[in-house]
Amino acid sequence: RYLEQPTNQPHPTKMAFKFIAFFALCIAAASAGVIVPGAPLAAVAPAPLAVAARVEEYDPHPQYTYGYDVKDALSGDSKTAVETRDGDIVQGQYSLNDADGYRRIVDYTSDPINGFNAVVRREPLVAPVVAAAPVVAAPAPIVRAAPLAAPAPLVAAAPAPLVAGPAVVKTQFASPLISYAY
């Protein structure tokens, strides 16, 4: 009988459950804003019921113009943008280099009547290579010397060797993460 646990003390698992339930209740109260973390319990003040609204200025006819131009030789990044606003009418243009070797240029307008409209153009970054016309060497003229005593043998100049091949264009594209060169 002396080895048994007294009946007036709670079981250890019941005590652990009470501790976990109390801890969860404290976290729920802190999440709900009832308890402010880091503040002593006596310093908690009730939140004000009404917050004064900040008055912002209203511009009935906004006007602005902005633009930027980026040309990064290290990454190959090249882009521009320009925009102008006068009241409800916005006009602008932006351009950037696509990875496929074209420059995308977008002209856009926006107004209350027509909404937003954009026109997209694509232009190659490198001018197209025009294939050279094949060069045909004309035969050299036959030169005859005036006969003195016996006719001189015919001398024909051999045409110079002609090396024709495709033009080599080195193209390089780059972005902050990927670069291509071929």
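Since the model is a prediction, treat every value here as computed from it, not as a measurement. (Residues numbered from 1 in each chain as written. Predicted model: local features only at pLDDT ≥ 70, side-chain atom pairs only at ≥ 80, totals over all residues. Heavy atoms only, no water.)

(A) Fine view of the pattern of salt bridges. Here the structure, examined in full by the defined rule, presents five salt bridges. In this structure, the salt-bridge partner of Arg104 is Asp98, at a minimum N-O distance of 2.7 Å. Accessibility expressed as a relative area gives 11% for Asp98, which makes it buried. Linking Arg122 and Asp98 is a salt bridge whose minimum nitrogen-to-oxygen distance equals 3.0 Å. (Salt bridge = Lys/Arg side-chain N within 4 Å of Asp/Glu carboxyl O. Buried < 20%, exposed > 50% of the residue type's maximum accessible area, 1.4 Å probe, protein only.)

(B) Summary view of the packing of aromatic side chains. For the structure shown, the criterion picks out three aromatic pairs. Here Tyr94 and Tyr108 contribute two aromatic rings whose centre-to-centre distance is 6.3 Å and whose plane-to-plane angle is 50°, an arrangement assigned as tilted. With Tyr94 in strand S3 (residues 89-97) and Tyr108 in strand S4 (residues 102-111), this pair connects stretches of sequence that are 14 residues apart. By relative accessible area, Tyr94 is classed as partly exposed at 33%. Aromatic ring contacts, followed pair by pair, group Tyr94, Tyr108 and Phe116 into a single cluster. (Phe/Tyr/Trp six-rings, centres within 6.5 Å; stacked < 30°, edge-to-face > 60°. Helix = DSSP H or I, 4+ residues; strand = E, 2+ residues; numbered from the N terminus.)

(C) Highlighting the pairing of strand S1 (residues 63-71). Of the strand pairs in this sheet, S1 and strand S2 (residues 78-86) are connected by nine bridges, and their pairing is antiparallel. Each residue of the ladder has a partner; that of Tyr68, found in S2, is Ala81. Here S1 folds back onto S2 in antiparallel fashion, the turn holding six residues, of which Gly76 has a positive phi close to 80°. (Pairing = 2+ DSSP bridges.)

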